[in-house]
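Chain and residue survey
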Amino acid sequence: MNLINLKTKTDMAQLTSQQSAVLAENFLELAEAVGNYRMEHWETLSDEERKEMKAYQYSLLNYSDEMSTNAARLVMNDIEDSLDTLRDVTQQIKKDYGKLQKIHKVIHIAAASVALGAAIFSKQPQAIQHSMKNLVSKWKEEEEEAP
Amino acid sequence: MDHPKLFPVLGVIGLSLFFAGCVNLGRVNDYAANAAGSIGQFEELGYSFNKACQEKCQMEQLEKQQLLTKGCDCQTEKEADSVTLVIYHALKGYFEGLAKLSGNELTNYRFNALTNGLTAGNFGLVHINQAQVNACTKVSNILTQAITNGYRRKKLTTYIGEANEAVKRLLDALKSNLVTNLTRRLETQRQRTQSYYFDLSKDNAISPYEKKKVIEEYNGLMAGIDVKKRQIAVFGKGIESIGAGHQELYDARSQLKTKEIKELLTRYGSEIQDTVDEFNKLKNEN
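Residues numbered from 1 in each chain as written. Chains lettered and ligands numbered in written order. Predicted model: local features only at pLDDT ≥ 70, side-chain atom pairs only at ≥ 80, totals over all residues.

1. Some thoughts on the overall build of chain B
Note the threshold: The way it works is that DSSP assigns letters per residue, a run of H or I at least four long becomes a helix, a run of E at least two long becomes a strand, and they are numbered from the N terminus. Counting other C-beta atoms within 10 Å of each residue's C-beta, where C-beta atoms are placed from the backbone, gives the exposure class: buried for 20 or more, exposed for 12 or fewer, partly exposed between. This entry defines residue contacts through backbone-placed C-beta atoms, with two residues in contact when those atoms are within 7 Å.
The secondary structure content of chain B amounts to 7 helices and 0 strands. Reading the secondary structure of chain B in the N-to-C direction produces α-α-α-α-α-α-α. A buried classification covers 37% of the 286 residues belonging to chain B. A separation threshold of at least 6 residues defines the contact pool for chain B, and within that pool the share at least 24 residues apart is 85%.

2. With respect to helix H2 (residues 17-40) of chain A
What counts is decided by this rule: Each residue after the first adds 1.5 Å to the expected span of a helix.
Under the 1.5 Å per step criterion, the end-to-end length of H2(A) is 35 Å for 24 residues, consistent within 8% with the ideal 34 Å. For H2(A), every residue scored as buried is listed here: Ser17(A), Ser20(A), Ala21(A), Leu23(A), Ala24(A), Phe27(A), Leu28(A), Ala31(A), Val34(A), Gly35(A) and Arg38(A).

3. Points about unusual backbone geometry
For Gln65(B), which is not a glycine, the phi torsion comes out positive at approximately 50°. When the 6 C-beta atoms within 10 Å are taken as the criterion, Gln65(B) is described as exposed.

4. Quick look at the environment of Val136(A)
Residue and element names in this part refer to chain A. Inspection of the secondary structure assignment puts Val 136 in helix H4 (residues 125-145). Looking at Val 136, the number of C-beta atoms within 10 Å reads 12, which means it is exposed. Remark: the alpha-carbon pair of Val 136 and Asn 62, spanning 74 residues in sequence, is separated by 72 Å.

5. Describing the nonpolar core
Generally speaking, soluble globular proteins have nonpolar side chains that are buried together. What counts here: Structurally, a nonpolar core is described as a collection of buried Ala, Val, Leu, Ile, Met, Phe, Trp, Tyr and Cys residues joined by way of C-beta atoms within 7 Å.
Ranked by size, the top nonpolar core spans 62 residues in total, and within it Leu91(B), Tyr94(B), Phe95(B) and Leu170(B) carry the most contacts. Looking at this core, the elements with two or more residues in it are H2 and helix H3 (47-122) of chain A together with helix H1 (3-40), helix H2 (49-64), helix H3 (75-102), helix H5 (130-202) and helix H6 (208-251) of chain B. Not counting the four nearest positions on each side in its chain, Leu170(B) is found in contact with Ile79(A), Ser82(A), Leu83(A), Leu86(A), Ile87(B), Ala90(B) and Leu91(B).

6. Re the packing of H2(B) against H3(B)
All names here are of chain B. As a reminder, the rule being used: Axes, fitted as lines to C-alpha atoms, cover a helix only where it is in contact. Angles between the N-to-C directions of the axes lie from 0 to 180 degrees. The labels follow the angle: roughly parallel below 35 degrees, roughly antiparallel above 145, roughly perpendicular from 65 to 115, and oblique for the rest. In this classification, Asp, Glu, Lys and Arg are treated as charged, Ala, Val, Leu, Ile, Met, Phe, Trp, Tyr, Cys and Pro as nonpolar, and every other residue, Gly included, as polar.
Put simply, H2 and H3 touch, their axes get as near as 7 Å, and they point 155° apart. Here H2 is positioned roughly antiparallel relative to H3, judged by the angle of their axes. In this structure, H2 contributes Phe 49, Asn 50, Ala 52 and Cys 53 to the contact, and H3 contributes Glu 77, Lys 78, Ala 80 and Asp 81. Grouping the constituent residues of the contact of H2 with H3 by class yields 4 nonpolar, 1 polar and 3 charged.

7. Re the confidence of the model for chain A
Residues and elements named next belong to chain A. Our working definition: Every residue carries a pLDDT, the predictor's confidence in it, which falls somewhere between 0 and 100.
On average, residues of chain A carry a pLDDT of 78, and 70% of them reach 70 or more. Put simply, helix H1 (residues 9-12) is where chain A has its lowest mean pLDDT, 48, and H2 is where it has its highest, 93. In the predicted structure, residues 1-11 sits below a pLDDT of 50 and forms 8 contacts with residues beyond four places in sequence or in another chain.

8. Considerations on H2(B)
All names here are of chain B. What counts is decided by this rule: Comment: arc refers to directions from the helix axis out to C-beta atoms.
Between the first and last C-alpha of H2 there are 23 Å, a value that for 16 residues agrees with the 22 Å anticipated at 1.5 Å per step. Those residues of H2 that fall on the buried side of the exposure criterion are Phe 49, Ala 52, Cys 53, Glu 55 and Lys 56. Axial view of H2: buried residues confined to an arc of 165°, hence all on one face. H2 presents Gln 61 and Leu 62 as exposed residues on the side facing more than 90 degrees away from its buried surface. Gln 65 sits one or two positions beyond H2 and adopts a positive phi of about 50°.

As structure tokens, this is what we get:
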């Protein structure tokens, strides 16, 4: 039944992703040619020939499937370094974003300071007292959260 | 001290700093957020190597007119899906990180915190008018922008530089796995479906009414395969735009302030958004 003596799975593992993809495409084109021939010459083919050609077509399609899947798996061999690099960069970005969130807390304190400034401008003792308390509490929050 | 005179001065300085600082980070943020959203459509494809294997298995059962007692062996397909998933997560994580780092969440959060602090506190007899509240808020915004924008721009420049080669290779790998290899699996399934239904249509034991039903079923299946192929193709176009946008960002990374980079990123952002819209239209057809 096998038109082509396909290598074993172990041997296939030695193919590169790109080689597997090229083979998959070749098998697909052959399968299509067989399938089209079978449909176009349906009336002139015997039942036995129709069955045989369909079996050929399906085998070729299966080979193509196996090669396509293999190509997708083997791509890992080509990209491991890139994956590591991108993971490292992403980790650094996350770390920096975390730092920015801390800066954000510092700014929160700055905001409380501005509120205190506004209260001082307003010359209202209660507002000053309130804003001062708020600033102290923000400062304490920040200190408590610091590692 | 006469505070009404101080606030306008601070406001003008602040607004200048604010606009000078945030515009370009905003563009990077738009690009990265679009890229993360576009890549995220991977989860909506609804097709995988494992699904292709299951469909092939179902077709084999129909051909043999037998039920498989042991189920389908789709182990290698599951492995291919795992590889694709790893690539997808790495890229999505990166673009989401880029979007967060260039985003404006800090500004919004601070704005609310300060406004609440000034208006909702127990101030007793104190009256601080709205203009003063707004001025204080602006001052606070300026402080954060001044501190974080320079830092973020510097860091983004470094990260885009470090990641560019890896991003390119991973986008290529994702595109190759989906647009080339998974689409080919759809094509083999299309050929199997065509052969199977062709034979049924030629079967003299089937009545004309049943043949009509067979043809309807065939057309429905072929249309479904076609939509999936187009979805994957549109997803692939999105990947290309993301890659081109990142390359432009990389090439101009030391000039994150220039007008050109703003325009380029706007163009790629718009291209990515077009593919997202096209993808969503196809999703509704499916």
